[in-house]
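# Commentary on secondary and tertiary structure
Each chain is listed here by its residues.
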Amino acid sequence: MKKIKICHLYGNLLNTYGDVGNVMAFAHEARKNGYEVEIVTVSIGDKFYSADYDFVFFGGGQDYEQRIVQTDLLEKKDELKKYIDDGGVFLAICGGYQLLGQYYFDAYNKKIEGLNIFNHYTENQDKGTRFTGKIKIKDAINNKVYEGFENHGGITHLSDDQKPFGFVIEGNGNNGSDKTEGFRYKNTIGTYLHGPVLARNEELCKDLLNISISNKTDN
């Protein structure tokens, strides 16, 4: 039977806002298309091999859990970068999105170094201020509209060479000022959209699955 293999990075630690629903939605869509699905949680001390997976999901957590995974992440950096550069389908939400970049600051304003695979960086808003509520964006590539909710105290700035995932129609997005939301590089998406975003936006889920299937065919 045809098979889709999903990696849930630190799924036992980084699981706020029900974003595990993205893994469930992707798996459901794959099964509808006749694929057997295997979901593997890759956590502290586990090896990650880029060639093993068709879809990687990296969610966010509280500052405590994100500090725990930070050191372990560095050991996986080379293989994660290879997966990304080879066009693997990768979805990173909130803290996962921040950790792919240069750095972010925790609730105590302590700087937390990221993987530095991408050049975006995240600073804190004024104390007690957060971007919360409904968000609607337009995909920067195909103009499709996606909805979700956002809840983040960080403000993220993309580098000049990064392209946004989408542009804000309603809500705040990366920083509340430049109308960008998330980033996209090849088949990697970083975003602040909770919901879970793949459960709320079936077209996006289908698009990502089709890319994963195409990658398997090409290989």
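Residues numbered from 1 in each chain as written. Predicted model: local features only at pLDDT ≥ 70, side-chain atom pairs only at ≥ 80, totals over all residues. Heavy atoms only, no water.

Turning to the pattern of salt bridges, a few remarks are in order. Between side chains of opposite charge, a pair can form when the charged atoms approach closely. According to the stated counting rule, one finds 13 salt bridges in the structure shown. For Lys81, the salt bridge identified is with Asp85, shortest N-O distance 2.7 Å. Note that Lys81 and Asp85 are positioned in helix α2 (residues 63-85) at a spacing of 4 residues, about one turn of the helix. Exposure remark for Lys81: the relative accessible area of 35% places this residue in the partly exposed category. According to the relative accessible area criterion, Asp85 is partly exposed, its value standing at 26%. (Salt bridge = Lys/Arg side-chain N within 4 Å of Asp/Glu carboxyl O. Helix = DSSP H or I, 4+ residues; strand = E, 2+ residues; numbered from the N terminus. Buried < 20%, exposed > 50% of the residue type's maximum accessible area, 1.4 Å probe, protein only.)

What follows covers the pairing of strand β9 (residues 145-152). Both strand β8 (residues 131-139) and β9 contribute to a ladder of 8 bridges, which runs antiparallel. Bridging from a neighbouring strand, Lys138 pairs with Val145 of β9. Linking two consecutive strands that pair antiparallel, namely β8 and β9, is a turn of 5 residues; a positive phi of about 65° is found at Asn143 within it. (Pairing = 2+ DSSP bridges.)

Moving on, we come to the layout of surface pockets. Reported here for the largest pocket is a volume of approximately 620 Å³. Asp63, Ala107, Asn124, Arg130 and Gly153 are, among the 28 residues lining the largest pocket, the residues nearest its centre. Contributing elements (two or more residues each) for the lining of the largest pocket: α2, α3 (95-99), β5 (103-105), β7 (121-124) and β9. (1 Å grid on protein atoms, 1.4 Å probe; cavity = no way out; pocket = protein on both sides within 12 Å on 5 of 7 lines; lining within 4 Å. Points joined across faces, edges and corners; volume = space filled by probe spheres on them.)

Moving on, we get to the pairing of strand β3 (residues 55-58). Of the two faces of β3, the one holding Phe55 and Phe57 and the one holding Val56 and Phe58 are both buried throughout. Here 4 bridges tie strand β1 (residues 3-9) to β3, and the two strands are oriented parallel to one another. From the neighbouring strand, His8 faces β3, where its bridge partner is Phe57. Pairing of β3 with strand β4 (residues 89-93) involves 4 bridges; the strand directions are parallel. Looking across to β4, one finds that Val56 is bridged to Phe90. Handedness of the crossover is the feature at issue here: the chain leaves β3, passes through α2, returns alongside β4, and the resulting connection is right-handed. (Right-handed = clockwise from strand over helix to strand, strands pointing away.)

On to the sheet that holds β8, then. As summarised here, the arrangement of the 4 strands in space is β9-β8-β11-β12, forming an open sheet in which the pairing is antiparallel. One side of each edge strand has no neighbouring strand; the edge strands of this open sheet are β9 and β12 (180-181).

Glancing now at the packing of aromatic side chains. Taken as a whole and assessed by the stated rule, the structure comprises 12 aromatic pairs. Centroid distance Phe48 to Tyr83: 6.1 Å. Interplanar angle 80°. Geometry classified as edge-to-face. With Phe48 in the loop between β2 (36-42) and β3 and Tyr83 in helix α2, this residue pair connects regions lying 35 residues apart in the sequence. In this pair, the class of Phe48 matches that of Tyr83, namely buried. Aromatic pair Phe118 and Tyr185: ring centres 5.5 Å apart, planes at 65°, arrangement edge-to-face. Taken as a pair, Phe118 in the loop between β6 (111-113) and β7 and Tyr185 in strand β13 (residues 183-185) lie far apart in primary sequence, 67 residues in all. Here a set of aromatic residues connected by ring pairs shows up, and it is made of Tyr97, Phe118, Phe183, Tyr185 and Tyr192. It is Lys2 that lies over the ring of Tyr35; its NZ or CZ is 4.5 Å from the centre. The ring of Tyr103 carries the charged tip of Lys111 above its face, separated from the ring centre by 4.3 Å. (Phe/Tyr/Trp six-rings, centres within 6.5 Å; stacked < 30°, edge-to-face > 60°. Lys NZ or Arg CZ within 6 Å of the ring centre and 35° of its normal.)

This part takes up the environment of Phe48. The class of Phe48 is buried, set by a relative accessible area of 3%. Each C-alpha atom of the pair Phe48 and Asp78 lies 9.5 Å from the other, and the pair is 30 residues apart in sequence.

On to the UniProt feature "active site" (unreviewed entry) in the protein, then. If you check UniProt for "active site" (unreviewed entry), the listed places come out as Cys94 and His194 in our numbering. Spanning 101 residues, the annotated positions come together in the fold, the maximum distance between their C-alpha atoms being 8.1 Å. Among the annotated residues just listed, those lining the largest pocket are Cys94. Excluding its chain neighbours within four sequence positions, the residues that come into contact with Cys94 are Asn151, His152, Thr191, Tyr192 and His194. The residue His194 is located in the loop between β14 (188-191) and α4 (197-200) in this model. Residues within four places of His194 in sequence aside, it is in contact with Tyr17, Asp19, Ile93, Cys94, Gly148, Phe149, Glu150 and Asn151. (UniProt positions renumbered as here; feature names shortened; annotations may be inferred. Contact = heavy atoms within 4.5 Å.)

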